[in-house]
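Spelled out from the first residue to the last, the chains are:
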Amino acid sequence: MANTFAFVESRGGDLRRVGLESVTAARHLADATGGGDVHALVVGAPGIASKTEMIAAHGADVVEVVEHPGLALYSPEVVAATAADRIGAGSYRAAFFSASAQGRDLAPRVAAKLGVALGADVTAFEASGDAIIVRHPVNTGKVIATLSITGTPVLLSLRPGAVTAARAPRTARVEAIAPAMDPASARVVPKELLAGNTAKLDLGEAPVIVSGGRGLRAPENFKLVEDLASAFGNAAVGATRAVTDDGWRPHTDQIGQTGRLVSPDLYVACGISGAIQHLAGMRTSKTIVAINKDREAPIFKIADYGVVGDVLEVLPVLTDAVRKAKHSH
Amino acid sequence: MKIAVCIKRAADMETRFKIAANGMSVDETGVKFDIADFDGFAVEAALQLKEREGAGDVTVISMGPDTVQETLRKALSMGADKAVQLKTDAVPADALAIARVLADELEGGGYDLMLFGRMAIDAANQSVGPMTAELLGVPCVSAASQLTIANGRGTARRELEGAADVLEFPLPAVVTIDEGIARPRLPSLKGIMAAKKKPLEVKPAQVGESRVKVTKMELPPERTGGRIVGEGPAAVPELVRLLQTEAKVL
Ligand SMILES: Cc1cc2nc3c(=O)[nH]c(=O)nc-3n(C[C@H](O)[C@H](O)[C@H](O)COP(=O)(O)OP(=O)(O)OC[C@H]3O[C@@H](n4cnc5c(N)ncnc54)[C@H](O)[C@@H]3O)c2cc1C
């Protein structure tokens, strides 16, 4: 029986869904290895302590909270030093991070500070003897590697959506701790957080993604994509590189080999050809819908449901129907 | 400014990959290789920084067997000044073991800026750059999509999910490069000729223990898509029905 550690990601004072996924993952591993405790760490500006209940509800036995006015923005050096300190002070079997933009910055720093191995962007994990066995998509998801990782602890960053955050309420002990270094002394200084200009939900969090490509023909037609996203209510907007290159959408919206990797429950591809580099970022979505006027478009080869037609005509009708379906239950 | 860029030789991602007979690696027969995507952006970023200053020196470094010399020559033909091969038969699966080799080489090299691609497109760990920075004890910004350097300080923008942030840092530093900075230039004929005469030093790599071992490689299950629900707006009711009853996402 060994304890497990989870880093709970937050941004702008709110927990990220991926943060709770890492708590759930730690709970699973602890339970599968004899029921050790889950220790969670959350870092932020004063006020972040109000989230401890939520963290405990997902299975943490101890919640370590770092509140500091200098930590309103993610400060890589301070968070890495603090996480390494906390992980080093316990004897954990494994420590979970998120394979999000923040987690992929943080986890390797912590691994190097502790001199331990990191399994990055894992989609599945299990303990086996003294190793942790993980699955990790390589070659843009066209090959899946199984890796055996040894040492204590093993650090893992979890691909967003690989584990579903689930309630497993505990009465957690809350410990307020100080950051391992003074945020004012960090060399890498976070200056500002620029919010995206799309919907309230972002690509890392949303269970549904409505994505648009060059088939939308003009930037103003992205309104149709946004309308469908808002009809779903739980959707974010994505885009292809063709569209971000032309400045129709911000670069942060790009999905694919050189953009974001996403795997939502539902991915709606609107006027997207399905170039291999785009598929690399979304092929693991659970359900894929494609709307394209070209019956031969490669996107139809991986779409569960295809509609052949003009996206400018189909989208308003689909938006209407989705809105009605949402209202009827 | 003295800049180092750590680059990796990687398979062309358009390849239809096959698994080798041992079940633990990708079959490389007939596969084309090149500078890994993000590493190409990093080389381009270094060259542009040098050009903007009108002075400086760009060293490209790659760890691996002799096949990486081709990758290094390509970077030299783009305009890098010299190359270093850290020779080893196989690149370990443990990013920290790789970072240790690179940190040994970079340590004491007097570099102002040490660039990496955001992630190796094949192994997809996105770990080596930040790990190397930690081992060297220098500041690091990972996944920069914009980078400016002035008066010994850098400013970088990082793309987050649906947002971005901006960070400042002093040099020397490690920066890993995301898309958005610069598309890699194609080597000119003159560049290719010049590259032949540029120095390429080969040094043995001291690879330590790897605590990450590949036990299996496999192809993911094929998606059996291809169901066309219908044409035009008339297909919408059936699509919505399927999303509700079959996919259960609505
Ligand atoms: C190294 C590299 C990395 C890359 N990385 C990425 C990446 O990360 N993400 C990415 O997306 N791309 C990436 N690309 C680019 C990729 O190869 C494609 O060029 C891009 O994905 C195409 O975008 P698109 O589908 O919007 O445009 P197009 O390929 O032009 O497709 C437009 C589609 O819209 C359809 N269409 C046109 N009009 C209509 C209409 N009225 N109604 C319905 N359908 C219509 C057409 O039939 C066509 O299929 C990369 C390329 C390279 C070389």
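(A) Quick look at the environment of A99 of chain A. Residues and elements named next belong to chain A. Among the structural elements, A99 can be located in the loop between β6 (92-98) and α4 (101-114). On the accessibility criterion, A99 (11% relative accessible area) is buried. For the pair A99 and D121, spaced 22 residues apart in the sequence, the C-alpha separation amounts to 5.1 Å.

(B) Structural view of the packing of helix α3 (residues 95-106) of chain B against helix α4 (residues 128-136) of chain B. Residues and elements named next belong to chain B. In the contact formed by α3 and α4, the axes pass within 8 Å of each other and the chain directions differ by 50 degrees. Viewed along their axes, α3 and α4 adopt a mutual orientation that is oblique. Note on packing geometry: the crossing formed by α3 with α4 is right-handed. Contact with α3, carried on its side by A95, L96, I98, A99, R100, L102, A103 and L106, involves V128, M131, T132, L135 and L136 of α4 and no other residues of that element.

(C) Here's a closer look at the site of the ligand. Taken together, 26 residues sit near the ligand, with R214, T240, T258, S273 and Q277 of chain A positioned nearest. Nearby residues place the ligand at the junction of chains A and B. Within the backbone of R214 of chain A, a nitrogen or oxygen atom sits 2.7 Å from an oxygen atom of the ligand. A distance of 2.6 Å separates an oxygen atom of the ligand from a polar atom in the side chain of T240 of chain A. Alone, the ligand offers 980 Å² of accessible surface; in the complex the protein occludes 79% of this. Every element with two or more residues in the shell around the ligand is listed here: α6 (241-245) and α7 (276-282) of chain A.

(D) A look at the nonpolar core. With 82 residues, the main nonpolar core has I55 of chain A together with V5, V60 and L115 of chain B as its most contacted residues. Considering every element that reaches this core, the biggest residue donor is helix α1 (residues 37-53) of chain B, with eight residues. Not counting residues up to four positions away in its chain, the partners in contact with V60 of chain B are V5, I7, V43, L72, A75, L76, A80, K82, A83 and V84 of chain B.

(E) Structural context of the packing of helix α2 (residues 68-78) of chain B against helix α5 (residues 189-197) of chain B. Residue and element names in this part refer to chain B. Look at α2 against α5: their axes get within 7 Å of each other, and the N-to-C directions meet at 120 degrees. In terms of axis orientation, α2 runs oblique to α5. Between α2 and α5 the crossing geometry is right-handed. Contacts between α2 and α5 involve R73, L76 and S77 from the first element and G191, I192, A195 and K196 from the second. Per-class residue counts for the contact of α2 with α5 are three nonpolar, two polar and two charged.

(F) Representation of the interface of chain A and chain B. Contact with chain A, which involves 89 residues of that partner, is made by 80 residues of chain B. Roughly 7200 Å² of surface becomes buried between chain A and chain B when both sides are summed, with 56% attributable to carbon and sulfur atoms. Our enumeration of links across chain A and chain B arrives at ten salt bridges. Salt-bridge contacts for R135 of chain A lead to E218 of chain B; the nearest nitrogen and oxygen are separated by 2.5 Å. Our enumeration of links across chain A and chain B arrives at 41 residue pairs in polar contact (both at pLDDT 80 or more). At nine residues, α4 of chain A tops the list of elements feeding residues into the side of chain A that touches chain B. The class makeup of the residues in the side of chain A that touches chain B is 39 nonpolar, 25 polar and 25 charged.

(G) Representation of the pairing of strand β8 (residues 153-160) of chain B. Residues and elements named next belong to chain B. Of the pairings in the sheet, the one linking strand β7 (residues 140-150) to β8 comprises six bridges and is antiparallel in character. Within β8, the position partnered with A150 by the bridge is R153. Between β7 and the antiparallel strand that follows it, β8, lie two residues; N151 among them carries a positive phi value of about 50 degrees. When β8 meets strand β9 (residues 163-170), the two strands line up antiparallel, connected through eight bridges. Bridge pairing in β9 places L160 opposite A163. As consecutive antiparallel partners, β8 and β9 are separated by two residues, and within that stretch G162 has a phi angle of approximately 70 degrees, a positive value.

Criteria and thresholds
Residues numbered from 1 in each chain as written. Chains lettered and ligands numbered in written order. Predicted model: local features only at pLDDT ≥ 70, side-chain atom pairs only at ≥ 80, totals over all residues. Heavy atoms only, no water. Helix = DSSP H or I, 4+ residues; strand = E, 2+ residues; numbered from the N terminus. Buried < 20%, exposed > 50% of the residue type's maximum accessible area, 1.4 Å probe, protein only. Axes fitted to C-alpha atoms, helices over the stretch in contact; angles between N-to-C directions. Parallel < 35°, antiparallel > 145°, perpendicular 65-115°, else oblique. Left-handed = near helix turned anticlockwise from the far one by under 90°. Contact = heavy atoms within 4.5 Å. Near = heavy atom within 4 Å. Polar contact = N/O pair within 3.5 Å; in protein donor to acceptor, adjacent residues only side chain to side chain. Areas by Shrake-Rupley, 256 points an atom, 1.4 Å probe, with all protein chains shown as cover. Core = buried A, V, L, I, M, F, W, Y, C linked by side-chain atoms within 4.5 Å. Nonpolar A, V, L, I, M, F, W, Y, C, P; charged D, E, K, R; others polar. Buried area = accessible area lost by both parts, 1.4 Å probe. Salt bridge = Lys/Arg side-chain N within 4 Å of Asp/Glu carboxyl O. Pairing = 2+ DSSP bridges.

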